[in-house]
Structure formats: structure tokens, C-alpha cells
Amino acid sequence: MNTEDMQDSNHSNLFAELFQKYQNHDFRIRRDNFSYARAIGYITFFAFILRLILGISYLNSYDTEWNIMWGVQLSDGFFSAHTHVKALDYPPLYLYPLYFVGKLIKNPAIGGYPPFRMLAIKFFPCLCDSLTCVALYSIARKKNKMIGLLAAALWAVNPATIFNCACWGQTDCVLMLLAALLMFALEEKHVTAAGVLWAVMCSTKLQGLYLTPVVGMEVLTICFGSLHPKQFSLSRAVSDKSAVMRFLRFVCAAAGTLALVYLPFMLGAGFSGYQPELGFWEKFMKPVTVYSEGVAKYPYCTLNADNIYMLFHLNGVKDKLRILPGISVSTVGSVFLLLSVIGVVAVYIFGRRHSHWLAGFAFMECIFMLTCRQHERYQIVVLALLMGAFIQLADRRLLTLYGLNSLVIFFNQFRVLSSVREKSGWWRTYKYAGGSYPQWLNSRGKLAFANSLLNLLLFAAAAVFVVRFFCKRSKTKQLEERKWM
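Residues numbered from 1 in each chain as written. Predicted model: local features only at pLDDT ≥ 70, side-chain atom pairs only at ≥ 80, totals over all residues. Heavy atoms only, no water.

Give me the packing of helix α7 (residues 114-141) against helix α9 (residues 159-167): which residues, what numbers.
Between α7 and α9, the shortest axis-to-axis distance is 8 Å and the interhelical angle comes to 155°. By the angle between their directions, the pair α7 and α9 is classed as roughly antiparallel. Packed against α7, whose contacting residues are Lys 122, Pro 125, Cys 126 and Asp 129, the element α9 presents Thr 161, Ile 162, Cys 165, Ala 166 and Cys 167 at the interface. Residues that form the contact of α7 with α9 fall into these classes: 6 nonpolar, 1 polar and 2 charged. (Axes fitted to C-alpha atoms, helices over the stretch in contact; angles between N-to-C directions. Helix = DSSP H or I, 4+ residues; strand = E, 2+ residues; numbered from the N terminus. Parallel < 35°, antiparallel > 145°, perpendicular 65-115°, else oblique. Contact = heavy atoms within 4.5 Å. Nonpolar A, V, L, I, M, F, W, Y, C, P; charged D, E, K, R; others polar.)

Right under this line is the structure:
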């Protein structure tokens, strides 16, 4: 028998064996032989390619040109950026990738060709959003690898995150990756890593501060145990040197990271020759006051965010609007914020069950739905927290909330960005446009109201779920004990 005949015989035997397995209902992949690492690699790779293709194809100047301008202007003085870059309202850390974006844009072959221009500004957000697939799989890996692959796959095709990074070119996906890693570090009780990640989050975007109450209470619980009045004693906690040292490790890690990030920019701003009318200390504090300046920049009840204020037609209305004598909308929002913080503290002190993922989700939902000065994109972080809560608790209702919130958040972003693009009149360049005005723009208010109403209903359903979870005494099954998958 020659070599070709032997190869044909081997192939025939192989196909016969596979066919026999199929007939015996044994034609399946066995878990013990399944390469999970390769699978998550494929999911992440194709998620990244999908985002890059959409990012290059979807040309958008809204917001992206601000970031591109900042990147270009950073070459005029990187560490003094907060004294000379026009309208800069970002904390220092994200300026590093923007600096390289500016360098790329200065190359005419990149900056002068719109698809490459989009690739330059969207590459890092798309990369971070794709890496969130890996983060979610890592969170679930020790409990149930198949659930980890499910979480990663659902994230890979999430319309809200894809639209945010690939179409809009926003940086919220960077914040979501950091939030997932931070909450994962807390779940593993790595307080030093949590301190670093919390500081990195706050140094990347202003919204990174939002999770601070949950992070603070979770760290206290990790270090000192239950905070319930019947079980917690301040004198005993202070006398426990190992617990105190653990807490100090978190504080030192957070403070050290903040110092490492901020001091170069603070010194650069203080000693810069820009804005000579300002004193040294005023310029020195510029990288820090960017937070308060960012909050004061948009003093509206809501700015395109589909929350309770959108339901009352307060979009773009200044939050100093009086609703009662001596009470403004801003005051109402501040009261809601205070009550939300009190709710987090109460959950950690009196809650019968524990989930920092669920507490973080509930708190972020309260901030977006009930406080003022929210933008259409700020709700998106809840998706990472919802998926983490699903992985931790294995409750299918959380998966439903994840899917419905993804659609609401996607539509909120889509309505805003699409209306901006329609107003640019791009459709007038086509032969059969006829110069007609896109009629759906006349219904933007109704669309916003409908989406806000759906968002409020989801918020109410989530609130019921969260309250029942933290108040119910029965033990929740662990993920690996669930049999429904």
C-alpha cells in the first residue's frame, strides 16, 4: 500500500469513528478536554476586531475632535497640560494615551485620512472594552468557567458598549474595565490592589469617584469583619493590629498611586509659564480642581440622560430651577445623593446578605436616575457591575436586567449621537436625499420620554430585587452549586 492509500485509509477510519460517535449521541466536546483559555482568546480577539472595524467605518467628530485636539496640544507641554490645553476637563491619567494619539494625528497620513483618524482615537477604548471579556472570565473562572465564557461572549456583542467605544469613541469603556478589576480585587480581598485600582479609576475619569462609598464600606468589611452593631466594636477593631495594618495598606496604596499620578502634573502646572496671571498655588492645584470644574461645567438637571428629570422635560434646564420656595432641583438631587450614600452604609451595617457587586450597581443606578448633571453615557458602568453580580449570585433575573439595561443605555446614546450627525446634514450629499429634513428628529422628545419611562421601570424592578436580596435571610446558592445551566 502506497503513502496516499494509507492516508486515505486513515481519513476513512477517522470519519467512520466520528460518524459512529454521532450515532451514539457521543458527538460532543468534553469539558475535561475543552480549552477555555483558547476560547476566551478567540472571544476577545473577535470582539476587538469587530470594534475596530466599526470604529474605522463610523466617522464621528462629536467629542472625538475634542480629545484629538487635547492630544495634539499636549505636545506643547505634557505635565503642564492643565494650564494650557483648551477646555481640558480630564484627570491626568488618560492624558498618557491621548499624548500618543496626538503624535499619530500629527502624521498627515493618519491625521489627514478620516478612517485612520478614527482608529487613532478609538483604538484604546476598543482595546479596553475587549479586555473586559477577559476580566469577566477571570472573575468567574474559579467558580464556573462556562459561565465565564457566557459572560465574556455577552459582553463581546453588547450593543451599548460597542456603540460607546467603536461608534462614539468615548472613554467610558476604560472606566468599566477598571471598575470590573477593582470589584474583582475586592472579591479576592486584595486590599492593596484595590487601593491602586481605585486611585487609577479616579485619576482616569471624574465618574470614577462614584463608587467610593461602596469601595470604602467593602474595605472596612474586609479588614474588620461584620459592621453590624451587635458584632462590631471600635475598640476591638483598633486593637486588632493585623486588621489595622490591612486597612492602612489600602490607604497607602491609594494615596501613593494618587501622588504618583498627580504630583508630576501639579508641579508641571505650578512651574509652567502659561497663565501668568495666576499664582503658583492656584496653578499647582489645577489638576485637582478639574473635578469641581467638570461638575460645574454642565449645571443642568439632566443633559440628555434618560432619568427622572427627563420625564419632567428638564433636559438642558439649569438645576437652580426652583420647584418650591427655597428648594431647587439641585437641592433635590443632592438629597437623593445623600440618601443613596446612607443606603449603602445601611446595607453594609444591617444587610442580611452581602454583595459588593450588587451594592455598587444599586448605588450607580441611584446616582444616574436621581441626581442632577448626568449625561447620556454615565449609566453604562452599571453593566459591568450587573454582570459581576450575575457571576457572583447566578440569578437569572440579573441577566434579564443586564440585557434590558443594555438596550436602554444603547438607545440613550444612539438617540443623542445620531441626532447630532443628522443635524450635520450628511444626507444632503446623496443624490436622492432631496434636501428633506429627517422627520424622526421632531420626535426626539417623545423617544426620550419613552426610554426614560422604561429606564424608570427597570430602576424600580432593580430596586425591589436589591432590597429583597439584602433584607432576606436565606442563604444564596453559590454559582458552582447552580444546576440551571
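How would you summarise the packing of aromatic side chains if you had to cite specific residues and measurements?
Each aromatic ring pair is specified by the distance between its two centres and by the angle formed by the two planes. This structure, assessed with the given rule, holds 26 aromatic pairs. Note on Phe 78 and Tyr 99: the rings are 5.3 Å apart at their centroids and 70° apart in plane angle, and the pair reads as edge-to-face. Here Tyr 99 lies in helix α5 (residues 95-105) and Phe 78 lies in the loop between α3 (64-73) and α4 (81-84), a separation of 21 residues in the sequence. According to the relative accessible area criterion, Phe 78 is buried, its value standing at 15%. Between Phe 469 and Phe 470, the aromatic rings sit 5.0 Å apart at their centres with planes inclined by 85°, giving edge-to-face as the arrangement. Phe 470 carries the same exposure label as Phe 469, and that label is buried. A network of ring pairs unites the aromatic residues Phe 78, Phe 79, Tyr 96, Tyr 99, Phe 100 and Phe 265 as a single cluster. We note Arg 421 situated over the ring of Tyr 58; from NZ or CZ to the ring centre the distance is 4.2 Å. (Phe/Tyr/Trp six-rings, centres within 6.5 Å; stacked < 30°, edge-to-face > 60°. Buried < 20%, exposed > 50% of the residue type's maximum accessible area, 1.4 Å probe, protein only. Lys NZ or Arg CZ within 6 Å of the ring centre and 35° of its normal.)

Residue-level account of the packing of α3 against α7, with values.
Running from amino to carboxyl end, α3 crosses α7 at an angle of 80°, the nearest separation of the two axes being 10 Å. Accordingly, the angle class assigned to the pair α3 and α7 is roughly perpendicular. For the pair formed by α3 and α7, the contact residues are Thr 64, Glu 65, Asn 67 and Ile 68 on the first element and Arg 117, Met 118 and Ile 121 on the second. Across the contact of α3 with α7, the residue classes tally to 3 nonpolar, 2 polar and 2 charged.

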